[in-house]
Amino acid sequence: MTKKETAVLICPGRGTYNASELGYLRQHHAAKSDFLALVDRIREAKQQTPVTDLDAAEKFRMGTHTTGDNASLLIFACAVADFLDIRERYEVVAITGNSMGWYLALTCAGALSLEDGGLLVNEMGTLMHEQGEGGQIVYPIVNDDWQPDAARLQLVEDVLREAAVQDNMTVAISIRLGGMIVFAADEA
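Owing to the predicted nature of the structure, the values given are computational and were not obtained by experimental measurement.

**Some remarks on the environment of K32**
- Within the secondary structure, K32 sits in the loop between α1 (24-29) and α2 (33-45).
- When its relative accessible area of 17% is taken as the criterion, K32 is described as buried.
- Taking the C-alpha atoms as reference, K32 lies 7.5 Å from A81; in sequence the two are 49 residues apart.
- Beyond its immediate chain neighbours, meaning those up to four positions away, K32 contacts A81, L84 and D85.
- Engagement of the side chain of K32 in a polar contact is seen with the side chain of D85, the distance being 2.7 Å.

**Quick look at the packing of helix α5 (residues 68-89) against helix α7 (residues 114-131)**
- Where α5 contacts α7, the two axes come as close as 7 Å, and the packing angle between them is 155°. Considering the angle they form, α5 stands roughly antiparallel to α7. α5 and α7 meet at a crossing whose hand is right-handed. For the pair formed by α5 and α7, the contact residues are G68, D69, S72, L73, F76 and V80 on the first element and L114, G117, G118, V121, N122, M124, G125, T126 and H129 on the second.
- Taken together, the residues of the contact of α5 with α7 break down into six nonpolar, eight polar and one charged.

**Here's the deal with helix α8 (residues 150-164)**
- Taking 1.5 Å per residue as the helical rise, α8 with its 15 residues ought to reach 21 Å, and the 21 Å between its terminal C-alpha atoms agrees with that figure.
- Buried within α8 we find V156, L160 and A163. End-on, the buried residues of α8 take up no more than an arc of 70°, which puts them together on one face. In α8, those exposed residues whose orientation departs by more than 90 degrees from the buried face are A150, A151 and E162.
- Between a side-chain oxygen at the N-terminus of α8 and the backbone nitrogen of A151 the separation is 2.9 Å; the capping residue is D149.

Calculation rules
Sequence order as written defines the numbering, with residues in each chain counted from 1. With pLDDT at 70 or above as the cut-off, local features in this predicted model cover only qualifying residues; side-chain atom pairs require 80 or more to be listed or tallied, and sums for whole chains, interfaces and linings still use all residues. For side-chain calculations, the full set of non-hydrogen atoms in the structure is used, while hydrogens and water are omitted. In DSSP terms, a helix is any run of H or I states spanning at least four residues, a strand is any run of E spanning at least two, and both are numbered starting from the N terminus. Classification of residues uses two cut-offs on accessible area relative to the type maximum, computed with a 1.4 Å probe and protein chains only: under 20% is buried, over 50% is exposed, and between them is partly exposed. Contacts between residues were defined by any pair of non-hydrogen atoms, one from each residue, lying within 4.5 Å. Here a polar contact means two N or O atoms within 3.5 Å. Within protein one must be a hydrogen donor candidate and the other an acceptor candidate, and residues neighboring in sequence count only if both atoms are side-chain atoms. As a rule, the C-alpha atoms of each element are fitted with a line to give its axis, helices using only the stretch in contact, and angles between N-to-C directions run from 0 to 180 degrees. An angle counts as roughly parallel when it lies under 35 degrees, as roughly antiparallel when it exceeds 145, as roughly perpendicular when it falls between 65 and 115, and as oblique in every other case. Each crossing gets its handedness from the near helix: less than a right angle anticlockwise from the far helix is left-handed, clockwise is right-handed. Three classes are used, and their members are as follows: Ala, Val, Leu, Ile, Met, Phe, Trp, Tyr, Cys and Pro are nonpolar, Asp, Glu, Lys and Arg are charged, and the others, Gly among them, are polar. A helix is expected to reach a length of 1.5 Å times the quantity of its residues less one. An arc is given here, and it is the one of the directions from the helix axis to the C-beta atoms.

Have a look at this one:
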């Protein structure tokens, strides 16, 4: 038995299915009918357009293909289908991801089943679409030498404390990215 080459897998975040990817599943993964049927069943259970129908559209439409409720499971399906091919050729020794890619990483690593990963990503994308008012800001908390910056850390604490006493707004740290944090906030 020939030993496989090793690889590190980096799973994509939202925004990775664009006009140039239209038809990607049909062109590259049509043979994965069981997997594609699984993700389509997840969508159909919520009366949402099946992923294979979104991918097979004649024309890419920003208002359809990029909304959270559609894009999330569409990206999940493409990324997981790619992973299924990658693991045939490579021994995946580490998996990571950015933003929605974290949920993909959980699925590819086997911490979530394909179905549970799909359910999680679809629910997350649907909730973001339905209730996703507000935004996020990535803020560095390190200096030029990538060392923790006390002044930046203090500013983060000050912003959180100030926002906490406001009745009309919500600000929180949603993600800690090593040398950066992500503030999530409502519209106010």
